[in-house]
Structures are given as C-alpha cells and as structure tokens.
Amino acid sequence: MDGSPITVLRAGRVRCADGTRAEAIAIRDDTVLAIGSDAELAGLHAAETVDLAGRAVLPGFVDAHVHPVLGGVEMSRCDLTGTRTAAEAERVVAGYAAAHPDLEWITGGGWSMASFPGGRPAGSRLDAVAGDRPVFLINRDHHSAWVSTAALRAAGIHAGTPDPADGRIERDAAGEPTGLLHEGAMALVDWLLPETSDDQYADGLRVAQRYLHSLGIVAWQDAWVHVDGPESGVHRAYLAADRDGWLTAQVVGAMWWDRTWPEERIGEQVARLVAARDEAMAGARHYRPDAVKVMQDGVAETFTAGLLEPYLDAGGRPTGNRGLSFLAPPVLGRVVGELVAAGFHLHFHALGDRAVREVLDALAGHAPTGDRHQLAHLQVVHPDDIPRFAALGAIANLQPLWACHEPQMDDLTIPFLGAERSRLQYPFAALQTAGAHLAMGSDWPVSSPDPLLGLHTAVNRIAPDAPAGTPPLETAQRLSPATALTAYTAGSRSALGLGPALAVGARADLVVLDRDPFAGPAEAIHTARVHRTYAGGRLVHQAE
Ligand SMILES: [Zn+2]
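This structure is a prediction, so every number in the text was calculated from the model and none was measured.

Engineer: Just checking my understanding: could you explain the overall build of the chain for this structure?
Structural biologist: Helix and strand counts for the chain come out as 18 helices and 24 strands. A compact globule built from 544 residues would reach a C-alpha radius of gyration of about 24 Å, and the chain, at 23 Å, matches this within 12%. Per-residue burial over the chain gives 56% buried out of 544 residues. Here the analysis covers contacts within the chain between residues at least 6 apart in sequence; of these, 71% occur between residues at least 24 apart. When the accessible surface of the chain is split by element, carbon and sulfur atoms take 53% of a total near 21,100 Å². Taking the average place of the 44 positive charges on the side chains of the chain and the average place of its 66 negative ones, the gap between the two points comes to 3 Å.

Structure representation (structure tokens):
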C-alpha cells in the first residue's frame, strides 16, 4: 500500500460493471481502491471527498469505433453537424464564410443527405452564400462532397470531364456538374485543399478529447490511423499527445490497410505496419496502435455495401448490382492470415451480408478462434451467419445510433434493400442471444458520439430526436438496458484489451450522471446528463 491521496465519491448510486450497487467509491492513483456504503468508506482518510448528492456513477463509456481526430478537425472548420435542412446548412456556411474572410478555401463537413431534396445539395447554393470562394464540404458519412462553382473551376471540372472509374460527378440534364461529387470524384478537388498541418491534427485531438470526455467517454478505438502519407498526422498527434502527457484517454489505433497495394506486396505492407506498431509501442503509455483496419465493402446508401443478393431499383426490381468486395475473398484470406501471424487485432468494416460472410469465412480459415477480431457496422447480417460470431469468437462492433427509422434509412436504404432484407438490419438482439461478444461505438463524425443517444437507440430502436409516432426499427432487436450498457462499457473494453470495467482493482474510469438513465422510462434514457468524468482516476470533465 502506498501513501497516494485517496478520493472518495460518496452519497451516490454506483452501478458496478457486474451490476452490483453501492453508495460510494474510493479512487487512489489510477485505480478503484474500494466500493461500498458511505459508512464503509468513511474510514479511508480521504484527501478529497466529493458529495454526489444522489447522482449515478456508471463505468466510463468506451467508443469502440470512432474517428476523433478527424471529428475534432471538422469541429474546428465549417461544421454542419446537426443541421437538418438546406436552409440551416446554408446559414452555417454563410456565417463561417463571414467569420473567416481571409481563408482561401472554405472546408468542413457534417451535412446529411437527408437535409436536401433527393439527397442532393447544389453548388449554386454555396455560391449564393460564400461568393466566389472555393468551398468543399464533405458529408457526414464521408462518401460525397458538396462543392461551389469556384471549387469546380479550380479543379477544372466541367461538362466534358468524364467520371473517374471509382466515383461520379453529379450533373444536370445538360451534363453540367451541379456541385456534388461522389466517392472517387471527390479526389478531383480534394488534392487542391490546403493540407492539414500537424498542429491542426493535434488541435483536432485536443478538441475531440475534451468533447468525448464531456460525454463520459474514457477510451476509444480510432478506426482510421494512417502511418504514412498525408493523413499520418492523426498517428503523429496521438504519439505526441502520449509523449507530452496530455492524452488522458486510452486509445487503440487501428492502422489502415491500404488495399490499393498489389497482392505481391502484402508481406511488405504487413512488415511496414509491424515496424510502425513496434516503434509506437516502445514508448507508449495511453496510445496503442496494435490493430489493423480492413475495409471489405462500402455503404448501403451509395449501393457499395457488399450484398448476397442485388440491390433493388427505385421501382423495387432487382438490379445487377451486389455492391463491392474491396478484397477478393482469397486475397482477404491471405491478408488476414499474415496480419494475424504478425500479432495484430483486426478491425473490419463489414456492412452488407456478403461482406460479413466473407470476413467470417476469412477468420474461420486464417485466424485462431477467440483472437479478439472485430466486425464493425453489421448493417445486414444473413441469419445463417449470426451464430458464427460466437463460434469464431468474432466481436460484433455495433453502432447503435444507426438502428432506427430516419430519413437516410427510410428514403435511401430500405427501398433499395427491399422490405424483407431490411428486416435483417442491425440484428443486435439476435447476435446477443446467439452468444456474440458485443462492443459499441459511434463512428463519429459520421454520427453523434454521445453514448447516451446510442444506448437510448439500442434499447428503444427509435432515435431520441425522432418525430412523435416514429415506429421502432425491428422491435425484436431491442437490447435490455443492462446488455446495452455492458456493450458500451465492459464489452468495448475487452474488445480493445483494456482490462475490466468498474470494479475494485480496475482502472478508475467512470462517469457521474445527474441520474441513473436506466432507472426511469426507456424513452427518457437520452435525457440524462454527464456531471463528471474520471479517466484513470483523473477528473477530466466537470459540468459547469
Ligand atoms: Zn468509421
């Protein structure tokens, strides 16, 4: 026993990771020293005693799939997150343009397709609010960009410009570009943007960490870490923050698998990632880049998620399109085998039922069972594949905020999946019943990182901000509050190798809420508010 000062939080409602309840919790250094009644912990000679006045203490939230540095960088640019109509988005752009008269380019993002008629904003609207300045605004899922006429001009995009092989330039009836670029077409403009500096990435991390701590998040997996190239500033930001001692969250980095490298160079790419990992881990305290992110398909809204059966057209007839498999199954198998042999934990983007099956097949053939590999997103899972998660020890990494009816789901997804297949979406309860290990995350900045919104949706299958009368998305797939909370805390922790959640001897990662979100009606879960966050025993957020 050492003599470090003890902090006691008393007069609270503590919910431990195993579901047991208590009034008080004692923290010494970065560890939970004791949990018990106020009377039991009164004898500890605490240096600091905090009266919780009946507030709730839960295990700190762990976001198992998030892009905080990109989110933080976006927050400090023209941030359209949360805008719900074209007019709102245009107002934000106008305000940002007026506040930053000296910026050569207006960049940022966070708009949602559902805010615009047919999901398609027009570049001329940007000209109206930003004048002749080039504007490049990526949408919230990062698959399309809304650009002004000046940006099209700067990139030399006109009616005669062909679509690139991996993207599409949105055009009017006369073939003129309208100011919307999809997928690979974004690159025609993207390379012109001022490069994000290392300082800007570091600021992005600082902003993001503060924001995530304010939501009760104590640790996360960054699912998009490049170790070289122009975007490697994310990796360097973590390394610097950890070295300089201001990385208060624990972070697992999932390093990007570059699928554009030819098959003969798989071994070379693995070796490069091993070198980056080993160098980073040598001095690491809170940043541990020991995972690799492999994208196996795209997203449903742009018909690039890999499906077993074709997408439907707007009239409900099957098309010839089954979406993409970024890696052919034999190549995927080799990649998995070599990365696993090199000691990496794998993190797959697998959204459509074919992509999910291809990844499970690759794990079955090339990875030892129970090796802590994760499949993230899992929008459509074929019922035959549900039991395979438990059988293979594959972790289901869920983004609960997506499991609801909202315009993107109802207008841009369900019609093209068809009614029957749409019912297979986000099968959380089926996975849980079949014994799958569940972890949860937000994919911020794609959607809000607020775990209470995610937990609310996992339990209700209705988004907290849905209009009255919105039905749940597949009632049978609702999770119980305890299951959802475990997934967002202990489940994510063990997926990331972070050790146990709130218990005696565990790392002192906890969130104090104004009340227990699960004590009242399920419809009110999202109304709880974070009062304090402790990460590794440090008070990292305190509400005013
Ligand atoms: Zn993501």
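Having seen it, we continue.
Engineer: Looking at this model, I keep getting lost on the environment of Arg236. Mind explaining?
Structural biologist: The residue Arg236 is located in helix H8 (residues 233-244) in this model. Measuring from C-alpha to C-alpha, the distance between Arg236 and Ala202 comes to 8.2 Å, with 34 residues separating the pair along the chain.

Engineer: It is not clear to me how the coordination of the zinc ion should be interpreted in this structure. Could you clarify?
Structural biologist: Angles between donor atoms at a metal ideally measure 109.5 degrees for a four-coordinate tetrahedral arrangement and either 90 or 180 degrees for a six-coordinate octahedral one. Distances from the zinc ion to its protein donors, His65 (NE2), His67 (NE2) and Asp443 (OD), fall within 2.0 to 2.1 Å. When the donor residues of the zinc ion are listed from N- to C-terminus, their spacing reads H-x1-H-x375-D. Here His67, found in the loop between strand S8 (61-66) and helix H2 (68-75), pairs with Asp443, found in the loop between strand S21 (437-440) and helix H17 (451-460); they are 376 residues apart in sequence, far enough to count as distant. Of the two residues examined, His67 and Asp443, each falls in the buried class.

Engineer: What exactly am I supposed to notice about the side chain of Asp141 here?
Structural biologist: Residue placement: Asp141 occurs in the loop between strand S11 (135-139) and strand S12 (144-147). Buried within the structure, Asp141 lacks any salt-bridge partner; its nearest side chain of opposite charge belongs to Arg140, at an N-O separation of 6.1 Å. Looking at Asp141, its side chain comes within polar contact range of the side chain of Asn139, at 2.8 Å. With sequence-adjacent residues up to four places away left out, Asp141 is seen in contact with Glu301, Gln408 and Val446.

Engineer: Looking at this structure, I do not really get the side chain of Gln374. What am I missing?
Structural biologist: Tracing the backbone through its elements, the reader meets Gln374 in strand S19 (residues 374-377). On the basis of relative accessibility, which here comes to 2%, the residue Gln374 falls in the buried class. Here the side chain of Gln374 touches Gln221 through a polar contact of 3.3 Å, side chain to side chain. Side-chain polar atoms of Gln374 contact the side chain of Asn397, separated by 2.7 Å. Apart from residues no more than four positions distant in its own chain, Gln374 is found in contact with Ala64, Gln221, Leu346, His347, Phe348, Ile395, Asn397, Ala495 and Leu496.

Engineer: What is the right way to look at the packing of aromatic side chains in this model?
Structural biologist: The relation between two aromatic rings is expressed through the spacing of the ring centres and the mutual angle of the planes. Per the stated rule, a full pass over the model turns up ten aromatic pairs. Where Phe303 meets Tyr311, the ring centres are 5.3 Å apart and the plane angle is 65°; that geometry is what we call edge-to-face. Since its relative accessible area comes to 28%, Phe303 is described here as partly exposed. Here the aromatic cluster, defined as three or more aromatic residues joined through ring pairs, consists of Trp111, Phe116 and Trp146. The ring of Phe326 carries Arg259 above its face, with NZ or CZ at 3.7 Å from the centroid. Positioned above the aromatic ring of Phe344 is the side chain of Arg277, whose terminal nitrogen or guanidinium carbon lies 4.3 Å from the ring centre.

Engineer: Would you mind showing me how to read the packing of helix H9 (residues 266-282) against helix H10 (residues 329-341) here?
Structural biologist: Two packed helices can be described by the angle between their axes and the distance between those axes. Running from N to C, H9 and H10 point in directions that differ by 35°, and their axes come no closer than 10 Å. Judged by the sense of rotation from one axis to the other, the crossing of H9 with H10 is right-handed. Here Ile266, Gly267, Val270 and Leu273 of H9 come into contact with H10, specifically with Val331, Arg334, Val335, Glu338 and Leu339. In terms of residue class, the contact of H9 with H10 is made up of six nonpolar, one polar and two charged.

Rules behind the numbers
For every chain, the first residue of the written sequence is number 1, and numbering continues from 1 onward in sequence order. Where local features are concerned, this predicted model is filtered to residues with pLDDT of at least 70; where side-chain atom pairs are given and counted, the filter is 80 or more; whole-chain, interface and lining totals use all residues. Computation of side-chain values covers all heavy atoms of the structure but excludes hydrogens and water. Secondary structure elements are taken from DSSP: a helix is a run of H or I of four residues or more, a strand is a run of E of two residues or more, and numbering for both begins at the N terminus. It is over C-alpha atoms that the radius of gyration is taken, and the globule rule equals 2.2 Å times the number of residues to the power 0.38. Exposed residues in this analysis have more than 50% of their type's maximum accessible area, buried residues have under 20%, and partly exposed residues fall in between, with area computed by a 1.4 Å probe over protein chains only. Any two residues whose heavy atoms approach within 4.5 Å are treated as being in contact. Only the protein chains shown count as cover for residues, and the accessible areas themselves come from Shrake-Rupley with a 1.4 Å probe. We count Lys and Arg on the positive side and Asp and Glu on the negative side, and we leave His and both chain ends out. Taken as the charge centre is NZ of Lys, CZ of Arg, CG of Asp or CD of Glu, depending on the residue. Metal coordination here is assigned from N, O and S atoms located within 2.8 Å of the ion, or within 3.2 Å for Na, K and Ca; omission of water means that sites may look incomplete. We count a salt bridge whenever a side-chain nitrogen from Lys or Arg sits within 4 Å of a carboxyl oxygen from Asp or Glu. For this analysis, a polar contact is any N or O atom pair within 3.5 Å, provided that within protein one partner can donate a hydrogen and the other can accept it, and provided that sequence-adjacent residues contribute only side-chain to side-chain pairs. Ring geometry is summarised as follows: Phe, Tyr and Trp rings, the Trp one being its six-membered ring, pair when their centres sit within 6.5 Å, and such pairs are stacked at plane angles under 30 degrees, edge-to-face over 60 and tilted between the two. In this scheme, Lys NZ or Arg CZ marks a charge over a ring once it lies within 6 Å of the ring centre and within 35 degrees of the ring normal. Angular values range over 0 to 180 degrees, each being the angle between N-to-C directions of two axes fitted as lines to C-alpha atoms, with helices fitted over their stretch in contact. With the far helix as reference, a near helix turned anticlockwise by less than a right angle produces a left-handed crossing, and one turned clockwise produces a right-handed crossing. Three categories are distinguished: nonpolar for Ala, Val, Leu, Ile, Met, Phe, Trp, Tyr, Cys and Pro, charged for Asp, Glu, Lys and Arg, and polar for the others, with Gly belonging to the last.

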